[in-house]
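# Summary of structural features
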Amino acid sequence: MSCNPHADMPRQFPKVTLSEAEEETQLLTEKVYASALKEEDNKDALSMFTVPEDCPIGLQQAKEHALLKEFAEQHSALCTKRKKSLKMIRSLSMFPQIPVNTDCTESVAFTPYLCPGSTCSSVPESFPGYQRVTISGDYCAGITVEDYEHSAKSLFKALLIREKYSKLAYHRFCRTTAQFLRSAENMTWSEEDEVFPDMCPSPTGGEDPYSTQNIPENLNYELKMMDGIVYVYDNAEALRENQPRDLPYPDFETFAIDFSHVLAMIADGPTKTYCHRRLNFLSSKFYLHEMLNEMAELKELKCVPHRDFYNVRKGRHTFHRFDKFNSKYNPVGASELREIFLKTDNLIDGEYFARIIKEVSHDLEESKYQHAEPRLSIYGRSPEEWHSLSKWFIQHKVHSPNMRWIIQVPRIYDIFKAKKLVPNFAKMLENIFLPLFEASVNPQNHKEIHIFLKYVSGFDSVDDESKHSDHMFSFRSPKPEQWTADENPPYSYYVFHMYANIMVLNNLRKERGLSTFQLRPHCGEAGSITHLVSGFLTSDNISHGLNLKKSPVLQYLYYLAQVPIAMSPLSNNSLFLEYSKNPLPEFLHKGLCVSLSTDDPMQFHYTKEPLMEEYAIAAQLWKLSTCDVCEIARNSVLQSGLSDQVVTPFSPQDVNPACFSVLFSVVCLQNKRHFLGVNYLKDGPEGNDIRRTNVAQIRMAYRHETLCNELSFIVDAVRSEDMSYQ
């Protein structure tokens, strides 16, 4: 969806100095990080982030401690007053907590709390009727008011931090969550506040996808990398005076402080307990919802003609790994054959690889309902890699309307440094990102890269996440120019510098009306919990996310922010986690935004339909309903790099009315509005076109109402502090 570049959003990165951060939080963060590294080294990672469930003594001690806190609270006048204010807020909040627009304008006030005397219904008329599960009574979760307020305010701050980083990089942020955050700040939310990635729409019928027509003119800006981030200058004089253009340039120290806050809160006892209980409640609530409404959902789906799971759109985020498992990719065990068959820059100019791609794309176009986002590698060895890859793309004409491309960047600086290919980490970053800035500033000089980038939707960070790093990521970490050691930087260091350059690049390209990119890394498949913290702050969506099951705080944050997660159980089954232990069904039931994807289909799948293998096995093993698998498929399209835009090069008045519908279907064939419905950005069932998604309106209403209810607890706690002193 095209976004107004002059919308009211920060054009400078808001910096936070270390003096403003609590020293206790910094110390706790370093202890947490050190503990995570130690446990990772011992192959017992994340134990300190879990909530023990199987130890009777531990459970008994926890209950006794909670009772003592409850008794102490009863004798505290301040706690009594705060608890009373919370009850008052909850009594003014009618279930379900649903944001309601009070008029039909695009910019509207947000009112999540509806007074019982209000003339408006607490549930919009457009929402379907079904058997709702409600909980009445105290503030929530059976914990002390002090712990509840502390936990909710920490979660609130973490959500604000993610929103800040998402908006600055033109990544998506859940609309419902944003509405509740504005409400807690006593501010008005409007659609104009939203930002979206800009994806280039697929060429219309007869249009040449490789055309060099209408390429924007050169701007001749000056570029310079400092501290691992590319800075943009209007001219040589501005460069000499160090006056960069008005773009948001990320600050490493600020990111490290924000990172520390989230890392500290995931090891905080009260916050872990609160999130653990809320997640258990979400799981139990869905079980009751299914028991009460399964037949009603099925009845809805039966009423939709000519639509079932097989002909709803499904995104296939085809991951191609680059790690210690590379040896398994060698055809008949010979790495030379991998160089011949699966590379774009070999002695045959990648011709064989292009033929494989064309065969796969032909199958996708024949199936009509599947789309793929294959990965192509940029390593950072040389700035010429981009030119070589773009030339291969155009020379072999591998564009397909059913494909978008993602650039994967392997985390292998240590290999390049050992071979003396790069002097420091900054040079690797420069080789990866500087050519993109040059092609965005002066596209006439880099036509092939400009054309190729129109069909690139994002970047992935790949490698074996279980690789151990002894370096503790913090504001004290060396700058990329100073990273000259042979040791590989840690995951968080890589991801921040990828995010930082993508953020600046997206703002520059947005000014020019060019497409933007998403950061969509492999994250949480193995290794330290810090990977998922980095992903929460910087990524539009992540791949895998298995380790979320070991951290209730992060899992709940990913739920509240509706961070998309693409999961690949068949790949995980071979590499890290048995299929039966995969948390995908658990995440789905709780309401996390999960989808199914393939990971290395040539290695882990047995048919020409690898995505259907994933869905079929998941449905059979986990007893997923039709509504379940269609919900997963809808999520996959939402998190994909498909365009939101509908481009019509003609108007209805210019063509025969009898032919216009046919022409229009060709023009808008490959965009999200066509696959999900024109209102898909709206919340709840209003944003669902059951004729296209085959997801029951009852399911959509349940998901939306449940999320609103969880967010309302956070807002209540933030508001309660003011009321308690009135």
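Relevant structure appears above.
The structure contained in this document is the topic of the report that follows. All figures in this text were calculated on a predicted structure; none of them were measured in a lab.

## Brief notes about empty space enclosed by the protein
- Following the criterion strictly, the structure yields seven cavities of 30 Å³ or more and no others.
- Quantified by volume, the largest cavity comes out at close to 840 Å³.
- Considering the residues around the largest cavity, the lining is formed by 41 residues, among which Cys174, Gln562, Cys593, Arg634 and Leu638 are closest to the centre.
- Taken together, the elements giving at least two residues each to the lining of the largest cavity come down to α5 (175-184), α22 (626-638) and α26 (697-724).
- Top contributing element to the lining of the largest cavity by residue count: α26, with six residues.
- Its residues assigned to classes, the lining of the largest cavity comprises 18 nonpolar, 10 polar and 13 charged.
- Residue lining of the second largest cavity: Glu163, Lys167, His171, Phe173, Arg175, Ala178, Arg182, Trp189, Asp193, Glu194, Val195 and Phe196, and that is the complete set.
- Within the residue set of the lining of the second largest cavity, elements represented by two or more residues are α4 (145-168) and α5.

## Let's talk about the pairing of strand β8 (residues 405-410)
- In terms of burial, β8 is a largely internal element, six of the six residues being buried.
- Because side chains alternate across β8, one face comprises the buried residues Trp405, Ile407 and Val409, and the other comprises Ile406, Gln408 and Pro410, equally buried.
- When strand β7 (residues 375-377) meets β8, the two strands line up parallel, connected through three bridges. Bridged to serine 377 within β8 is glutamine 408.
- Handedness of the crossover joining β7 and β8 through helix α11 (residues 385-395): right-handed.
- Two strands pair when backbone bridges link them, and β8 and strand β9 (residues 456-462) are joined in this way by six bridges, in the parallel orientation. Across the sheet, isoleucine 406 pairs through a bridge with glycine 458, a residue of β9.

## Side note on the side chain of arginine 245
- Among the structural elements, arginine 245 can be located in the loop between α6 (236-240) and α7 (252-265).
- Here aspartate 234 takes part through its side chain, which lies 2.6 Å from a polar atom of the side chain of arginine 245.
- The contacts of arginine 245, once residues within four sequence positions are left out, are Tyr221, Val232, Tyr233, Asp234 and Glu511.

## Examining the sheet that holds strand β10 (residues 518-519)
- Taken in spatial order, the four strands of this open sheet run β7-β8-β9-β10, and their pairing is parallel. Among the strands making up the open sheet, the edge pair consists of β7 and β10.
- For β9 and β10, the ladder comprises two bridges, and the chain directions are parallel. Bridge assignment links phenylalanine 459 to a residue of β10, and that residue is leucine 519.

## Quick look at the sheet that holds strand β12 (residues 542-544)
- Sheet architecture is open: four strands sit in the order β11-β12-β13-β14, paired in parallel fashion. A single partner strand is all that each edge strand has here, and the edge strands are β11 (522-523) and β14 (594-596).

## A word on α5
- Along α5, 10 of the 10 residues are buried, which leaves the element largely enclosed by surrounding structure.
- Taken as a whole, α5 has its buried residues at Arg175, Thr176, Thr177, Ala178, Gln179, Phe180, Leu181, Arg182, Ser183 and Ala184.

## Brief notes about a nonpolar patch on the surface
- On the surface, a nonpolar cluster with roughly 410 Å² of combined accessible area is contributed by Tyr287, Leu288, Met291 and Leu292.
- Relative to the elements of secondary structure, leucine 288 occurs in helix α8 (residues 269-302).

## Quick word on the pattern of salt bridges
- By the definition in use, this model includes 25 salt bridges.
- Residues glutamate 297 and arginine 699 are paired through a salt bridge, measuring 3.0 Å at the closest nitrogen-oxygen approach. Here glutamate 297 is found in helix α8, whereas its partner arginine 699 is found in helix α26, with 402 residues between them in sequence. Taken individually, glutamate 297 and arginine 699 each receive the classification buried, so the pair is uniform in this respect.

About the cut-offs
- Residues numbered from 1 in each chain as written.
- Predicted model: local features only at pLDDT ≥ 70, side-chain atom pairs only at ≥ 80, totals over all residues.
- Heavy atoms only, no water.
- 1 Å grid on protein atoms, 1.4 Å probe; cavity = no way out; pocket = protein on both sides within 12 Å on 5 of 7 lines; lining within 4 Å.
- Points joined across faces, edges and corners; volume = space filled by probe spheres on them.
- Helix = DSSP H or I, 4+ residues; strand = E, 2+ residues; numbered from the N terminus.
- Nonpolar A, V, L, I, M, F, W, Y, C, P; charged D, E, K, R; others polar.
- Buried < 20%, exposed > 50% of the residue type's maximum accessible area, 1.4 Å probe, protein only.
- Pairing = 2+ DSSP bridges.
- Right-handed = clockwise from strand over helix to strand, strands pointing away.
- Polar contact = N/O pair within 3.5 Å; in protein donor to acceptor, adjacent residues only side chain to side chain.
- Contact = heavy atoms within 4.5 Å.
- Patch = residues over 30% accessible without salt bridge, like charges linked within 9 Å, V, L, I, M, F, W, Y side chains within 5 Å.
- Areas by Shrake-Rupley, 256 points an atom, 1.4 Å probe, with all protein chains shown as cover.
- Salt bridge = Lys/Arg side-chain N within 4 Å of Asp/Glu carboxyl O.

Any functional reading would require information that these geometric values do not contain.
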